[in-house]
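Chain by chain, the residues:
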Amino acid sequence: MNQWEVVIGIETHAQLATASKIFSGASTAFGAEPNTQACAVDLALPGVLPVLNRKAVDCAIRFGLAIGGEVARRSVFARKNYFYPDLPKGYQISQFELPVVVGGSLTLPLGSGDQAYERVVRLTRAHLEEDAGKSLHEDFHGKSGIDLNRAGTPLLEIVSEPDMRSSDEAVAYARALHALVRWIGICDGNMQEGSFRCDANVSVRRPGQPFGTRREIKNLNSFRFLKEAIDYEIQWQISEIEEGRRIQQATVLFDPGTGETRMMRSKEDAHDYRYFPDPDLLPLVIADDWVARVRDELPELPAQKRARFIGELGLSAYDAGSLTASQEMADYFESTVAVAGKVSAKPCANWVTVDLAARLNKEGLEIAGSPVSPQQLGGLIRRIADSTVSNNIAKKVFEALWNGEGANADEIIDRQGLQQITDTGAIEALVDEVLAANAANVAEFRAGKEKAFNALVGQVMKAARGKANPQQVNDLLRRKLAG
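Before going into details, it helps to say that this report is about the structure given with it. (Residues numbered from 1 in each chain as written. Predicted model: local features only at pLDDT ≥ 70, side-chain atom pairs only at ≥ 80, totals over all residues. Heavy atoms only, no water.)

**Brief notes about the overall build of the protein**
For the record, the criterion: A run of H or I in DSSP becomes a helix once it reaches four residues, and a run of E becomes a strand once it reaches two; helices and strands are each numbered from the N terminus. With a 1.4 Å probe rolled over the protein chains alone, any residue whose accessible area is under 20% of its type maximum counts as buried; one over 50% counts as exposed, and the rest are partly exposed. Here a residue-residue contact requires only that any non-hydrogen atoms of the pair lie within 4.5 Å. Surface accessibility follows the Shrake-Rupley procedure with a 1.4 Å probe radius. Residue values consider only the protein chains on display as shielding. His is not counted, nor are the chain ends, whereas Lys and Arg count as positive and Asp and Glu as negative. Positions of charges follow a simple convention, taking NZ of Lys, CZ of Arg, CG of Asp or CD of Glu.
From N to C terminus, the protein includes 15 helices and 17 strands. By principal-axis analysis of the C-alpha atoms, the protein measures approximately 95 × 55 × 50 Å. Of all 483 residues assigned to the protein, the portion counted as buried reaches 48%. Here the contacts in the protein between residues at least 6 apart in sequence split such that 68% fall between residues at least 24 apart. By element, 50% of the accessible surface of the protein is carried by carbon and sulfur atoms, the whole surface being about 23600 Å². Charged side chains of the protein number 55 positive and 64 negative; the gap between the two group centres comes to 2 Å.

Put into structure tokens, the structure is as follows:
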């Protein structure tokens, strides 16, 4: 692979969070019976005219500001001509030469520890367009059906530059973009329902050579499929070239069952679509005060929050990146810190990204549905900080909170008698008992066997039923063994 460089660009279709379609008043709600949410405009009946949805434009402006792009003060809608059964008009209303957003970038924190690095992915453009309908090929007795409920659904197509060099970087970009559009409230990000779909443009080249011929993998609706499809395509292209064959520009589909891509059609170029300005729609003019209003409504963005977590709370870039993977997680973390205190920011980060995340994953829950509230978790972490409980005992308290066995950590600790033993005299008495009863372990330790020390610690903790302060146990044991 070192003989080859991978070049990846991604086009993403994000369904905008509007109640109605981009050029009509029909509903965008998911799951309705086929063809019950397609009005005269969506069906392209004679005499109807499109009317632009202002909220869709709000969403586009919001995105442009969030990525540091230029929001065009004048953009134009165009007709993209092609003929599919699920495209009633015979053309799609999109934007071509003058899109609503130009430029911008996303910075991806990648790797961890010594392997940490950042990749800046530049964005070419983002433009507004309408979705097509959907062809249905199952349960129709050998025929296909057409559902036009999606026809006219507002989309923001987001096009990156070919700045990614591996499937891991491509997935990191897709995840970051997915998190961002959800964070700023312009897309629900539901990949199963088609609200967020990626097309990956993949090519390979020898390092230092011009770009190779790209193939576009269409409609990838999961991050796992995105990675698998790109990895397969990379290997396939390298094999083709090394065996003396030329790569033909094409659109391909990924088959999750076989893990392979297969050609759907030769790749069209822009001239194949015969773009021209839509005569039914005036140019979109966005005034400065419109942009200013949307800017004022933006929340603190993920990059800003990451920087604040690092600067104000002393978190590592890795922890800050993990905690800002979604707004829900970031909010949960901040609410936890508000209870536990800023000095416990690092323990809070560990509990949220490790213990809580693992339990949520096991139960198939999102963080918004956590049985343990941030207030409860923050209260527990305060009791670890003030040595009321040890980390091990805290895990038992967390389990009790998860199971609804108490309103807060203090109630559970008091009821179950889980307070940590910190009285030096009490711990010293336990240590003396263990040393007297385990002469063999004492001799082994003094002979240089460190494992014997761990065995003695275990015996003390067992005698204390896990409630002795571990650090005090360690310190007292070492002092007595050295005497």
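**Here we look at the pattern of salt bridges**
This is how the line gets drawn: What counts as a salt bridge is simple: a side-chain nitrogen of Lys or Arg found within 4 Å of a carboxyl oxygen of Asp or Glu.
One pass over the structure, following the stated rule, counts 32 salt bridges. For the salt bridge of Arg150 with Asp131, the shortest nitrogen-to-oxygen distance reads 2.9 Å. Of the two residues, Arg150 sits in the loop between strand 10 (145-147) and strand 11 (154-160) while Asp131 sits in the loop between strand 8 (117-130) and strand 9 (134-136), which places them 19 residues apart along the sequence. On the basis of relative accessibility, which here comes to 10%, the residue Asp131 falls in the buried class. Because the salt bridges share partners, they merge into one network encompassing Glu300, Lys305, Arg308 and Glu334.

**A closer look at the nonpolar core**
Note the following rule: Here, nonpolar core means buried Ala, Val, Leu, Ile, Met, Phe, Trp, Tyr and Cys residues that are tied together by side-chain atoms lying within 4.5 Å of each other.
Phe63, Leu128, Ile158 and Tyr173 are the most contacted members of the largest nonpolar core, which totals 70 residues. Sequence-distant contacts of Tyr173, that is, excluding residues within four places in its chain, are made with Ile10, Leu106, Leu108, Val121, Leu123, Ile158, Ser160 and Met164. Of all hydrophobic cores here, the second largest spans 35 residues; its members include Leu315, Met329, Val372 and Leu418.

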